[in-house]
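Commentary on secondary and tertiary structure
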Amino acid sequence: MRLVKETSISGRTPEELLTNLEIQIAIYRSRSRVSNQKRILVLTFGMLFILIATSAALFMLQQQIPDRPEQHRKASETATTDHP
């Protein structure tokens with residue numbers, strides 16, 4: 001397969017080959033820019049999701065903190081009243 005490409009390229013002038021190469025490089029660069037932008041978006045949304053999930057978990061834990069000492073006190077009061 002490579003020989004077929006080489007024979008078709010050998011019939012072209014250097015200017016045509018240079019133009020073809022510049023076009024291919026431009027296409028490659030535009031694709032890499034698009035993929036870099038997509039990668040940046042994915043990373044940004046991923047970090048944002050992690051931040052929101054962490055904040056929600058911390059908020060839920062903070063809401064449970066005041067409840068725990070009351071439950072602990074109730075448990076200790078019942079334990080002391082059971083044993084006279």
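Because the structure is a prediction, the values reported are computed rather than measured. (Residues numbered from 1 in each chain as written. Predicted model: local features only at pLDDT ≥ 70, side-chain atom pairs only at ≥ 80, totals over all residues. Heavy atoms only, no water.)

**So, the overall build of the protein chain**
Assigned secondary structure in the protein chain consists of 3 helices and 0 strands. Mapped from its N terminus to its C terminus, the protein chain presents α and β elements in the order α-α-α. Taken across its 84 residues, the protein chain has 0% of its residues classed as buried. Only carbon and sulfur atoms are counted for the fraction: they give 66% of the accessible area of the protein chain, which is about 8200 Å². (Helix = DSSP H or I, 4+ residues; strand = E, 2+ residues; numbered from the N terminus. Buried < 20%, exposed > 50% of the residue type's maximum accessible area, 1.4 Å probe, protein only. Areas by Shrake-Rupley, 256 points an atom, 1.4 Å probe, with all protein chains shown as cover.)

**What about the confidence of the model for the protein chain?**
For the protein chain, the mean per-residue pLDDT works out to 81, and 68% of the residues sit at or above 70. When the elements of the protein chain are averaged for pLDDT, helix 1 (residues 2-10) gives the smallest value, 54, and helix 2 (residues 14-64) the largest, 92. (pLDDT = per-residue confidence, 0-100.)

**Quick look at a nonpolar patch on the surface**
A surface patch of nonpolar side chains, amounting to about 530 Å² of accessible area, comprises Leu-41, Phe-45, Leu-48, Leu-51 and Ile-52. Within the element layout of this structure, Leu-51 appears in helix 2. (Patch = residues over 30% accessible without salt bridge, like charges linked within 9 Å, V, L, I, M, F, W, Y side chains within 5 Å. Salt bridge = Lys/Arg side-chain N within 4 Å of Asp/Glu carboxyl O.)

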